Amino acid sequence: MIRNGHGAAGGAERPGPGGRHDVRVWCDGCYDMVHYGHSNQLRQARAMGDYLIVGVHTDEEISKHKGPPVFTQEERYKMVQAIKWVDEVVPAAPYVTTLETLDKYSCNFCVHGNDITLTVDGRDTYEEVKQAGRYRECKRTQGVSTTDLVGRMLLVTKAHHRGQEISSEYREYADSFGKCPGGRNPWTGVSQFLQTSQKIIQFASGKEPQPGDTVIYVAGAFDLFHIGHVDFLEKVHGLAERPYIIAGLHFDQYVSEVVIGAPYAVTAELLGHFKVDLVCHGKTEIVPDKDGSDPYQEPKRRGIFCQIDSGNDLTTDLIVQRIIKNRLEYEARNQKKEAKELAFLEAMRRQEARPGRERDCDF
């Protein structure tokens, strides 16, 4: 079990309001290629109780039931641990959620999105806890999925990273990626995530820098956010006793504030506006601005620029290479996943259509 050392919870249990016992919540999953949807699920689950424990499945279990994961289990454990709503991570959690697991970690109930998770033989992995009344649902995040991310990576090009128009090949492939011949279901498939101000506000800390805080600015695309980014931000967070980190996102938990659509060059105006004390960049190549200038020339001139070695050589390009190397396996994985889900949906429809299905007993 890995306890989370950040956030208000600080990894330690606290008595609930009025001295009542904490409501302990369990979530579990693969958490492969962690994205906004995963974070939103965990945010909602944490709001249902006082303490959130997240079980993460092993590579072996995922390969057995779904197909090969993109990230290793150690990478996935650390990614989940970095999410601020998570109090504890349980490595090697069983793929099927049982009452025994909930009782082992003293959890009142488990939370999952309003989609379906099936075993290799098509069984609902939450069947037992649902029947026992120890299951809660949160709203699944529309417009983002691991399938979508894998589909993008399989057709990723330099033109895509430079923000040029998506090719017709990608659009056609994205529409059919992971689709089995039998049809489509509402859970598996490529979708386009649309950000809104309300969604962004839900993730904001709402805190302003205080006197004595060291304001640190980092910028980048943070495309396909991965463990290398987490390690970098963790190192940046450790540069000051009281860091206030602002992340600038270029368009295409160690962060206190986010600047959407940040300028590529770190200008004097930006530094002055946010009262930045330090600007950090990783060891990756610094690509010149459109006019050939160094985007960090102003903080370098002021002597407040710092390059950070995260100690992790994982990059987005390496992740893309992993996916392309196993392209056929990933395509087969998503087709198999949807086929199981369609079969489950059909079985549910037949059950609902059965005459007298609501009569549990005869009088």
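Position numbers for residues count from 1 along each chain, tracking the sequence in the order it is written. With pLDDT at 70 or above as the cut-off, local features in this predicted model cover only qualifying residues; side-chain atom pairs require 80 or more to be listed or tallied, and sums for whole chains, interfaces and linings still use all residues. Values shown for side chains rest on all heavy atoms present in the structure; no hydrogens or waters enter the calculation.

A. Local environment of the pattern of salt bridges. Only one rule defines a salt bridge in this text: a Lys or Arg side-chain nitrogen within 4 Å of an Asp or Glu carboxyl oxygen. Under the definition given, this model contains 12 salt bridges. In this structure, Arg-76 engages Asp-59 in a salt bridge whose closest nitrogen and oxygen atoms are separated by 2.7 Å. Taken together, the residues Arg-76 in helix α3 (residues 73-81) and Asp-59 in helix α2 (residues 59-65) connect sequence positions 17 residues apart. Between Arg-123 and Glu-127 there is a salt bridge whose closest N-O contact spans 3.9 Å. Relative accessibility under 20% of the residue-type maximum defines a buried residue, over 50% an exposed one, and the middle range a partly exposed one, all with a 1.4 Å probe and only protein chains included. Judged by its relative accessible area of 40%, Arg-123 falls in the partly exposed class. Of the residues examined, Glu-127 reaches a relative accessible area of 35% and is grouped as partly exposed. Taken together, the salt bridges that share partners define one network made up of Lys-78, Asp-231 and Glu-234. A run of H or I in DSSP becomes a helix once it reaches four residues, and a run of E becomes a strand once it reaches two; helices and strands are each numbered from the N terminus.

B. Main features of helix α10 (residues 227-237). Taking burial as the measure, the 11 residues of α10 include eight buried ones, the bulk of the element. Of all the positions in α10, only Ile-227, Gly-228, His-229, Val-230, Asp-231, Phe-232, Leu-233 and Val-236 are classed as buried. In this analysis, two residues are considered to be in contact whenever any of their non-hydrogen atoms come within 4.5 Å of each other. Turning to α10, the residues buried within the fold contact α3, β7 (214-220), β8 (243-249), β10 (278-281) and α13 (316-325).

C. Structural context of unusual backbone geometry. Of note, the phi angle at Met-33 is positive, near 55 degrees, even though the residue is not glycine. Taking relative accessible area as the criterion, Met-33 reaches 1% and is therefore assigned buried. At Lys-275, a position not held by glycine, the phi torsion is positive, near 50 degrees. The residue Lys-275 is located in the loop between α11 (268-274) and β10 in this model.

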